[in-house]
Amino acid sequence: MGCDGGTIPKRHELVKGPKKVEKVDKNAELAAKWRYCALSQEKLKRPIVACELGRLYNKDAIIEYLLDKSAERPNTEVVAHIRSLKDVKELNLTDNPAWEGERHNIKGDRYEDMHCAMFICPVVGLEMNGKHKFLYLQTCGCVFSERALKEVKTEICHKCGDPFQEDNLVMLNGSKDEVEKLQKAMEEHRLKAKSAKKSKKSRDTKVSKSLESTGSCDTSETQSTSLNGEGSSGSCGDSAPGPSTSGECSKMLKAPAGPIAGSKRSIQEMKDKSETYKSLFTSHSSAKRTKDQTSNWVTHTPYHF
């Protein structure tokens, strides 16, 4: 079978060895991470946000995902930890002056440098293309290279001047080990925030209950003092004891004459205000004219000059 016409087969054609593992092109992998959104796989465009695990997204794609999580998307596992816009931070990026954009090579007749990035480090000038490690601050969203933070050690942001700590630094597109560390830190941070929220809520409920109890005690004390003062200063102490005087005292204690200080408005004030309100209309007695104010009717003819 075969070998017709004097052909000589080689060993690799007859013996099938193990298949070679296909290697992913590093340039293509870096471009996919640093130039495309991790959720929609579209090219990154401002506004760009990053999650607590250091992945880059288009803000529009995150908003669409949060509005409709039931829609079918290819990479929903990547954003499973994002619950709201509070879980992402908008990045304050520095443009690369050497970046000409994609319009300069529309025809495809020019060389396109894959390592040329849209953004650079504002301190050192390194391009954000994946060859160098970059971090962002969770406080302000500014992005710097790791080399810049090591060479210029400071606790103030190089770009905006806001203070920060080492816990606020998040690695962008880190390795698997770095992503695992960031995930543990994210879970710990969320647990602390949840416990702090519960403790604050319990404190607020305790404070509100104590205020209600003190307010009820104050009102009861004021009512008791007012009732005791009226009973002692009334006609009960001056008149002789008897059935009539005791009845009068009980009436005075039950329904004190006159409005209590700090209580609702008196009836006279309400009447005065209603009268002033009624006087605004023409149907009120004050709006009607008297006989002296009314004038006689005068006929008008158009031919009278």
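Residues numbered from 1 in each chain as written. Predicted model: local features only at pLDDT ≥ 70, side-chain atom pairs only at ≥ 80, totals over all residues. Heavy atoms only, no water.

- The name given to the chain in an unreviewed UniProt entry is Replication termination factor 2, and the organism recorded there is Carassius auratus.
- A UniProt comment under Sequence similarities (unreviewed entry) is attached to the chain, and it reads "Belongs to the rtf2 family." (UniProt positions renumbered as here; feature names shortened; annotations may be inferred.)

With respect to the overall build of the chain
Right, so step 1: Of regular secondary structure, the chain possesses seven helices and eight strands.
Right, so step 2: Looking at the chain as a whole, 22% of its 305 residues qualify as buried.
Right, so step 3: For the chain, restricting intrachain contacts to residue pairs at least 6 apart in sequence, the fraction spanning at least 24 positions comes to 48%.
Right, so step 4: Looking at the chain as shown, the accessible area adds up to about 24,100 Å², and 54% of this sits on carbon and sulfur atoms. (Helix = DSSP H or I, 4+ residues; strand = E, 2+ residues; numbered from the N terminus. Buried < 20%, exposed > 50% of the residue type's maximum accessible area, 1.4 Å probe, protein only. Contact = heavy atoms within 4.5 Å. Areas by Shrake-Rupley, 256 points an atom, 1.4 Å probe, with all protein chains shown as cover.)

What to know about the packing of aromatic side chains
Centre-to-centre distance and the angle between the planes together describe a pair of aromatic rings.
Right, so step 1: Inspection of the entire model under this criterion finds one aromatic pair.
Right, so step 2: Centroid distance Trp 34 to Phe 134: 6.4 Å. Interplanar angle 65°. Geometry classified as edge-to-face. Taken together, the residues span a long stretch of sequence, with Trp 34 in helix 2 (residues 26-34) and Phe 134 in strand 6 (residues 134-137) at a distance of 100 residues. Comparing Trp 34 with Phe 134, the two get one shared label, buried. (Phe/Tyr/Trp six-rings, centres within 6.5 Å; stacked < 30°, edge-to-face > 60°.)

Thoughts on the pattern of salt bridges
Right, so step 1: If you walk through the whole model with that rule in mind, you get seven salt bridges.
Right, so step 2: With its nearest N and O atoms 2.9 Å apart, the salt bridge here joins Asp 95 to Arg 46. Of this pair, Asp 95 sits in strand 4 (residues 94-95) while Arg 46 sits in the loop between helix 2 and strand 1 (48-51); the two residues are 49 residues apart in sequence, bridging distant segments of the chain.
Right, so step 3: Overall, Asp 95 belongs to the partly exposed group, its relative accessible area being 48%. (Salt bridge = Lys/Arg side-chain N within 4 Å of Asp/Glu carboxyl O.)

As for the sheet that holds strand 7 (residues 143-145)
By way of backbone hydrogen bonds, the strands of a sheet pair with one another, either parallel or antiparallel.
Right, so step 1: Across the sheet, three strands lie side by side as 7-6-8; this open sheet has antiparallel pairing. If you trace the sheet from one side to the other, it starts and ends with strand 7 and strand 8 (169-171), each paired once. With direction set aside, neighbouring strand axes in the sheet form an average angle of 35°.
Right, so step 2: Here three bridges tie strand 6 to strand 7, and the two strands are oriented antiparallel to one another. Residue pairing for strand 7: Phe 134 is matched across the bridge by Ser 145. (Pairing = 2+ DSSP bridges. Axes fitted to C-alpha atoms, helices over the stretch in contact; angles between N-to-C directions.)

With respect to helix 3 (residues 59-67)
Every α-helical turn comprises 3.6 residues, leaving residues that sit three or four positions apart pointing alike.
Right, so step 1: Buried within helix 3 are the following residues: Ala 61, Ile 62 and Tyr 65. Projection of helix 3 onto a plane perpendicular to its axis shows the buried side chains occupying an angular sector of 100°, all on one side. In helix 3, the exposed positions angled more than 90 degrees off the buried face are occupied by Glu 64 and Leu 67.
Right, so step 2: Turning to helix 3, the residues buried within the fold contact strand 1 and strand 2 (56-58). (Arc of directions from axis to C-beta.)

Digging into the pairing of strand 6
Right, so step 1: Of the two faces of strand 6, both are covered, the one formed by Phe 134 and Tyr 136 as well as the one formed by Leu 135 and Leu 137.
Right, so step 2: Here strand 6 hands over to strand 7 after five residues, with Gly 141 in that stretch at a positive phi of 90°.
Right, so step 3: In this sheet, strand 8 lies alongside strand 6 in antiparallel orientation, the contact comprising three bridges. When the bridges of strand 8 are listed, Tyr 136 appears paired with Val 170.

Quick look at the nonpolar core
Looking at soluble globular proteins, one finds that nonpolar side chains tend to be buried together.
Right, so step 1: One finds Leu 39, Tyr 57, Leu 91, Met 128, Phe 134, Val 143 and Leu 172 to be the most contacted residues of the largest nonpolar core, which totals 42 residues.
Right, so step 2: Elements with a minimum of two residues in this core: strand 1, strand 2, helix 3, strand 6, strand 7, helix 4 (146-151), strand 8 and helix 5 (176-233).
Right, so step 3: Apart from the residues within four sequence positions on either side, Val 143 is in contact with Leu 91, Asn 92, Leu 93, Pro 122, Met 128, Phe 134, Leu 135, Tyr 136 and Leu 172. (Core = buried A, V, L, I, M, F, W, Y, C linked by side-chain atoms within 4.5 Å.)

Overview of unusual backbone geometry
Trans peptide bonds make up the majority, and among non-glycine residues the majority have a negative phi.
Right, so step 1: Here the bond from Arg 46 into Pro 47 is cis, since omega is 0°, no more than 30 degrees from zero.
Right, so step 2: With respect to the helices and strands, the residue Pro 47 is situated in the loop between helix 2 and strand 1.
Right, so step 3: A positive phi is found at Asn 173, a non-glycine position, where the angle reads about 50°.
Right, so step 4: Mapped onto the elements, Asn 173 comes out in the loop between strand 8 and helix 5.

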